[in-house]
Amino acid sequence: MKLDPLSIPYRAGESVVRLAWVLVIAFIGTPGLSGPTGIGLLVVGWFVIAVGYQLVYYQRFDYELTEDTLDIASGVVSRRQREIPIRRVQNVDISRNVVQRVLGLSRIDLETAGGSSTEASLRYVSTEEAERLQSEIARLKRGEAEGEETPEAAAETELFAITPKELGLLGVIGIDLRLLGFVTVILPVVFPSVQRRFGDPFQDPLLALATTAPLVALAIVAVTAAISGAIAVTNYYDFHLSRRGDELLYERGLLQRFSGSIPLEKVQTLAVSENVIARRLGYASLAVETAGYAPGDAGSQSAIPLADRARVLSLAQSVEAFDDLEFERPPKRARERYVARYAIVVTLLVAVAYAVDRWTGLAFAWYAIAGLLAVVPVAAHLKWKNLGYDVQDEYVVLREGFWTRTITVVPYYRVQTVVDSQSIFQRRRRLATLVVDTAGTSGLTSGQPRALDIDAETARELREAVADRLQAALARRREERRRERLTSITAESPETAPDD
């Protein structure tokens, strides 16, 4: 089958938008090309070339959905043949921006188990064809014959729909705290001019910094918060989550519309997140992670972008039936470690300020920074308070983070590796970190669920307990699948069923 014919001019237009400005800059100053007419001719010429290329691309791109695979043949210069096994497909996501919706086009992205990026994209097919492929792949994954659909698979139950109030709160709560890092980049550029205007009365540069820099930083934070809030609102506008059979279906987006599925059998972990604002208001978000698709990737796997915390936990328990949470915090000597760590950081800052005051012509009130030592015990306590772990019969639940506290639910049968490690500083206080790695997490270096700074002996016991329960959970699942196969065989051929 072919892509939609409208994909030819649309992809050519995309190419012009991406590269035309480079051509314009490259040819500025060239005789005959620097005026509006010359630049217009340049853009039109590039569009004609792009249309020719996309026409060849269209002719050489074919795809076919069979009972077992999705076969894709592509390539203008070199030919590429791909066969994607249906059983390995994790997610089939459809996205449409405003222009694509007007033209009736959709983009399909397929993620597979173990993949770190999109396995294949169809850019672009008609909206009807995109929905057909999504539905057919879901049917093939369920093992149903063509035209056959079980009542469970046909029935669709709505689980969550974001309300205008929740969407408005998401614009405030959904501030991307990473954007605040821009303050450290922009502030040194903006601050000198502000200081010259308002900081003259202060002879001490540090006092001038302490009075004017917070105002500048506040303005920058307000701008970044407004931007991140607007992004959150447009991303999750008209968010709906429903369940059909063993899949969660979601649809969201204002400027760009996304729809996709989350296969429950492929879920690796659940993550309930609450930043400091959300916790204060009693709200949280829920995300799921599958083996080939992490929550933070494009086409987010948010199950609930924002809702009442109790409602979020209830839905999470409907996906994975974990018990009510009772966290065990690290020992109090871990809190002492944080006090020492933060005190060392403040001491270094004081030393740097003193060195500037002592060996430069700048007069710094270095002793003012020492006031941060009063905040150290509070910061250490808050970090310790938000750590914890809960070992249940079927799940291990881990909690970490103050600015954004994340509760991660890991089923034992999804665990890949369990590692307890100690740094030289942890060994001094008999502490350790337990890392629980799954197929969906980022490995042993970052992004993995962990129990931080727990008792070293407890970490070893937990590692052995999780490993033992992993083997028991796998044995139970193998037995359940064996019984399901026997039941299926018996239903298909009752006369060949073994006698009890």
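The structure displayed is predicted, hence computed values, not measured ones. (Residues numbered from 1 in each chain as written. Predicted model: local features only at pLDDT ≥ 70, side-chain atom pairs only at ≥ 80, totals over all residues. Heavy atoms only, no water.)

K.L.:
Help me out: how do you make sense of the overall build of the protein chain in this one?
P.N.:
The secondary structure content of the protein chain amounts to 14 helices and 19 strands. Taking the intrachain contacts of the protein chain between residues at least 6 apart in sequence as the baseline, contacts between residues at least 24 apart amount to 59%. Approximately 26800 Å² of the protein chain is accessible, and the part contributed by carbon and sulfur atoms is 58%. (Helix = DSSP H or I, 4+ residues; strand = E, 2+ residues; numbered from the N terminus. Contact = heavy atoms within 4.5 Å. Areas by Shrake-Rupley, 256 points an atom, 1.4 Å probe, with all protein chains shown as cover.)

K.L.:
Is there a simple way to think about the side chain of R399 in this case?
P.N.:
Along the chain, R399 turns up in strand β15 (residues 395-400). One buried charged side chain, R399, makes no salt bridge at all; its nearest oppositely charged neighbour is E274, positioned 7.2 Å away. At 3.5 Å, the side chain of R399 and the backbone oxygen of N386 are in polar contact. Leave out the neighbours within four places in its chain, and R399 touches F327, R329, K385, N386, L387, G388, R405, T406 and I407. (Buried < 20%, exposed > 50% of the residue type's maximum accessible area, 1.4 Å probe, protein only. Lys, Arg positive; Asp, Glu negative; His and termini not counted. Salt bridge = Lys/Arg side-chain N within 4 Å of Asp/Glu carboxyl O. Polar contact = N/O pair within 3.5 Å; in protein donor to acceptor, adjacent residues only side chain to side chain.)

K.L.:
Just to check I follow, could you spell out helix α10 (residues 309-319) for this structure?
P.N.:
Each full turn of the α-helix corresponds to 3.6 residues, which orients residues three or four apart in the same direction. Among the residues of α10, those classed as buried are V312, L313, L315, A316 and V319. The buried residues of α10 occupy an angular sector of 165° when the element is viewed end-on, so they sit on one face. Among the structural elements, β7 (156-161), β8 (240-244), β9 (247-252), β11 (267-275), β12 (283-290) and β13 (302-308) are those in contact with the buried residues of α10. (Arc of directions from axis to C-beta.)

K.L.:
Could you clarify how one ought to interpret the sheet that holds strand β2 (residues 69-74) in this entry?
P.N.:
As a general point, the strands of a sheet are linked pairwise by backbone hydrogen bonds and lie either parallel or antiparallel. Pairing in this open sheet of 3 strands is antiparallel, and the strands run β1-β2-β3 from one edge to the other. Each of the sheet's edge strands pairs with one partner strand only, and the pair in question is β1 (62-65) and β3 (80-85). Averaged over all adjacent pairs, the angle separating strand axes in this sheet is 10°, with direction ignored. Inspection of the sheet shows β2 paired to β3 by 6 bridges, in the antiparallel sense. When the bridges of β3 are listed, T69 appears paired with P85. (Pairing = 2+ DSSP bridges. Axes fitted to C-alpha atoms, helices over the stretch in contact; angles between N-to-C directions.)

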